[in-house]
Amino acid sequence: MGDLIYRENQFIYTEQGKERPLLDCGDYLSNKSRISMHCLEDQDIYTLPDLLTDIRKQGPCRGNDAFAAALIDVLLAARLIRTSQPVRILEYGCLGGKFSYYLASIAGAFCEASSLVCACDRMDMEWMEQVADVKKLPRVSFLAGDYGDLPLQKGYFDIILINGTVDFVDPCKVVSDALRLASDDGILLCYTDASPLLEGVFKLFFEKDKREDYEISAFARLMCAKAEDQSWTPWEEKQGFEKNAEKHLRQAQDLLMGDTKDGRELAGMLNILKQDAKTAAATGRVGLKLRLQEQKEKLMDCERRKRP
Amino acid sequence: MEQKDFCDYLSSYETMSYMAKTYGYEEILAQAATLMQADPADLEYYPVMESAAEKLRGVYQYALKDFQKHILHYDRLYGRLEGSASRIIFANLIGYRIVPVSSFLEQAYHISLENDFPAKGFFEEVASFERNKDWIEDGTSRILLDVGKDISDLWVKPALLDKICPGYGLFLRYESFGEGCRTVIYATPPKKTLDRIYEQLLQPKKPERIVALAPYERGWNNAELVKDCGVIPYLLHKKYGCDVSMVGAPGTDYTNLSYIPGVKLEFLTDGTVKAKTEYIEKEAKNIDCLVLRGAYPDYIPVVDTYKRYNPMGKVFLPLDANSLYMDRIQWTDPDFKRFMGQCDVISTSGPVMQKHLNEKWPWVIEHIPNGFYRFSDEEWNPVFEKKENIILTAGRLGSEQKATHVLLEAFAEASGQLPGWELHLAGHVEASFGEYLDMFWEKYPGLKERVRFLGHITDRKTLYEEYLKSKVFALTSTWEGGTPNVVAEALYAGNVIAITKIDEYEEATDGGRCGMAAEIGDVAGFRNILVTLCKEQDLEAMSRHAYAYARKHYDMERAVEKLYSLIFGEEA
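Note that the structure is predicted; figures quoted are calculated from it, not measured.

Turning our eyes to something else, we now look at the overall build of chain B. For chain B, the count of helices and strands is 25 helices and 17 strands. When burial is assessed residue by residue, chain B has 44% of its 572 residues classed as buried. Residue pairs at least 24 apart in sequence account for 70% of intrachain contacts in chain B once pairs closer than 6 positions are excluded.

So, in structure tokens, the structure goes:
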């Protein structure tokens, strides 16, 4: 099990005797810049050392969510500290807002113009309470949507946390969707808590040398990777569903136009179109679904006519 | 939960899955501890997986929690396993995780020895999906998955395999290995899609059992037996030998049952959801297809139960849809989404509603027309010359839906321009309509000879004769669930259609080629179309077109062929 220690002005992650420095605060502790950096009119003076000290105080308690949150804070601080730009953060699956609180706190502390979108398939009152407790809020939005198909702009987010305390039905779709939403130089954090399929899927997307793993407890893990390091594309995407469906539509058309219509061939094509229509329906491709339906009807008519 | 119930739940995977979804961790733990005569606190740390990489992860509490938390994935895997042996082994391994007594493992071991899976030869073990995903993706290798190293391996590894390359055949075994035993999945490469379909098509099949469940808290009524509700099951029996039952609350006077021989009526104690779910719970495994009628909330727990006990069973949902009702449905409601997601074939009877819903909803909506079936092998060919100057309507006369008053008023206004024409109304008259009728006769006493109420005609032959005698069929409904059955019957008899603009009016009139439509509730508009149609020079041609159109589009046997193929056509 891992541990997060603060030693000689450094946040260090340790696991099985091996140390990994995450953030060297040396220079920053003497930097009395006020943050939030873009809100100079703010009368409260909150400096970089204040922020780092707060993170240090807050954790970590080993093996629990607070440990994970402290780790996320350090990893985000290491990135945010180098930029003066507002960042766009997405929490993929926010439930009761435990992580939303930490994400909002750190994003707001650095730059109140940063934005945090917390997405969930349902609204939880606890989430509002958690977010209301944040002292310096960035721009926070809540989005209710279907996991795997969040209605957000492609490539918009700099940082995405996939919150694996949510029991995602299809983690593969979730990681794919997160990758769609991440900017080219965006980073993905994946927190898994007794969610082994999400963990397995994330590892498929990002091979060992392309990601950083942090062990929170026997069942929980935090993984971090750059979106650009994606090394795997799911089968459905790779097969190019739409391209294949178009091909099937053309094949069906050829079959209908041709002279010899073998019954088995018709039945086979009918089943392929049926599957395609289901996939199109499930993935919201309405136009394609209607075309597949239409062609399916024609094939069925043709099949019926062939029967004695 | 009683101890006896707990023991019953252990009898099959389906019931264990149900228990895991229904009862909490503590309750199952307590029951298991009682059965094993152990202290629950000790049982929680009992090792159920000696080979787990970390001993702590292999103890009882994590196994049970994993099962409960990821039950949908376990269910999915159960549905994916090939062959009955794999499923029995799976059930025993899960049983062991709930009550860790060796008899479960012994049974799993002995069934594994039967080893009935078809693939012999070398299987390559996959130690890491991360490293081996490229050759797995190729889909040509035989793969061995050791699914006993970690509690979640049993479902995670096959799920990952499916993500990398879907379609592998999965055979679960619990077999001897070294000095102990191990749980493995032998995965055989996915067959080429068409080969697989052909293979399945060539396999002999036993007759499918189909159950049509009545909606709301009622049973089927006599009239429904000869409408699509009864005719579809009947034709599935007649054409494909399916074993069909219509199930609902008790009813009487099923005189129409003689029209649908072979269809069984089964009665529940009453029509409550409880009675329905209990019936389904008992019968689910033997039902190949559950036929519902309308997307009513009462059906949600029924379908949940059906799919719980028979995940591979099919559900056919004819929507009985009209835009008024469909647009009121909150389709994003999680319960509704789950319900619709569990239905294998969803249909409307009209193409307009089909298109509307296909654009609106994320499910595939099929078109199964409300066709016509004659219940007789006699030659049927409407002859226009034999027809009389009759406008016919049929249905529940005087009901709010049928708006019979619109038809009566329209005919009364048109009667002066239509000498020699009569209006015939077939069907039961609602009691509440009496008052209106008294007023109508008072206002139009001269129409008593020209407006005839034929009463409820139970004999199909007599009813068809009325259709054959008429030239025009009128329907003034305010709304309809799809295309009404009477329209198909009328078209088949060569009746030209006068109809209000319900959702499917264009389909009913073939876009004006065999009828006309007026606005809903518009007496003057309906009068005009009655006059226009009755005086139409080409009424005979329109009548012929009506019949030809009905044969092409409203043939119930064709509709059932399509339905059968949609329900039982093998998946690609």
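Picking up where we left off.
Think of interface size as the accessible area that goes away when the parts come together; that is how it is often given. The partner chain A presents 35 residues to the 35 residues of chain B that form the contact. Secondary-structure elements contributing two or more residues to the side of chain B that touches chain A are α6 (71-80), α9 (129-137), α10 (153-164), α11 (193-202), α17 (351-360) and α25 (556-568) of chain B. When its residues are assigned to classes, the side of chain B that touches chain A shows 17 nonpolar, 6 polar and 12 charged.

This brings us to the packing of helix α7 (residues 196-205) of chain A against α10(B). Remark: α7(A) packs on α10(B), axes separated minimally by 10 Å, with the N-to-C direction vectors making an angle of 40°. The hand of the α7(A)/α10(B) crossing is right-handed. Note on element contacts: α10(B) touches α7(A) through Val156(B), Ala159(B), Leu160(B) and Lys163(B), opposite Pro196(A), Leu197(A), Gly200(A), Val201(A) and Leu204(A). Partitioning the contact of α7(A) with α10(B) into residue classes produces 7 nonpolar, 1 polar and 1 charged.

Moving on, we get to the pairing of strand β9 (residues 314-318) of chain B. Residue and element names in this part refer to chain B. Counting buried positions along β9 yields 5 of 5 residues, so the element is predominantly enclosed. Along β9, one buried face is formed by Lys314, Phe316 and Pro318 and the opposite face, lined by Val315 and Leu317, is buried too. Alignment of strand β8 (residues 289-291) against β9, held across 3 bridges, turns out to be parallel. When the sheet's bridge partners are listed, leucine 290 is paired in β9 with valine 315. As paired elements, β9 and strand β10 (residues 345-348) share 3 bridges and run parallel to each other. Bridging across to β10, phenylalanine 316 finds its partner in valine 345.

Attention now goes to the sheet that holds β10(B). Residue and element names in this part refer to chain B. The 7 strands are arranged β7-β6-β5-β8-β9-β10-β11 in an open sheet whose pairing can be described as parallel. Strand pairing shows two members of the sheet lacking a second neighbour, β7 (264-267) and β11 (365-367), which therefore form its edges. Averaged over all adjacent pairs, the angle separating strand axes in this sheet is 25°, with direction ignored. Inspection of the sheet shows β10 paired to β11 by 3 bridges, in the parallel sense. Note that in β11 the partner of serine 347 across the bridge is glutamate 366.

Residues and elements named next belong to chain B. Strand order in the open sheet formed by 6 strands is β14-β13-β12-β15-β16-β17, with parallel pairing between adjacent strands. At either margin of the open sheet sits one strand with a lone partner, and together these are β14 (451-455) and β17 (515-518). On average, adjacent strands in this sheet sit at an angle of 20° to one another, irrespective of strand direction. Judged from the 4 bridges that link them, strand β15 (residues 472-475) and strand β16 (residues 496-500) form a sheet pairing that is parallel. What sits directly across from leucine 475, in β16, is isoleucine 499.

A word on helix α4 (residues 98-110) of chain A. Residue and element names in this part refer to chain A. Here α4 spans 19 Å end to end across 13 residues, near enough to the 18 Å set by a 1.5 Å rise per residue. Summarising burial for α4: 11 of the 13 residues are buried, a large majority. Among the residues making up α4, those that are buried are Phe99, Ser100, Tyr102, Leu103, Ala104, Ser105, Ile106, Ala107, Gly108, Ala109 and Phe110.

Take the environment of Lys443(B) next. In this fold, Lys443(B) is placed in helix α19 (residues 434-443). Taking C-alpha positions, Lys443(B) is 9.6 Å from Ala412(B), a pair spaced 31 residues apart along the chain.

Calculation notes
- Residues numbered from 1 in each chain as written.
- Chains lettered and ligands numbered in written order.
- Predicted model: local features only at pLDDT ≥ 70, side-chain atom pairs only at ≥ 80, totals over all residues.
- Helix = DSSP H or I, 4+ residues; strand = E, 2+ residues; numbered from the N terminus.
- Buried ≥ 20, exposed ≤ 12 C-beta atoms within 10 Å, placed from the backbone.
- Contact = placed C-beta atoms within 7 Å.
- Nonpolar A, V, L, I, M, F, W, Y, C, P; charged D, E, K, R; others polar.
- Axes fitted to C-alpha atoms, helices over the stretch in contact; angles between N-to-C directions.
- Left-handed = near helix turned anticlockwise from the far one by under 90°.
- Pairing = 2+ DSSP bridges.
- Expected span 1.5 Å × (residues − 1).

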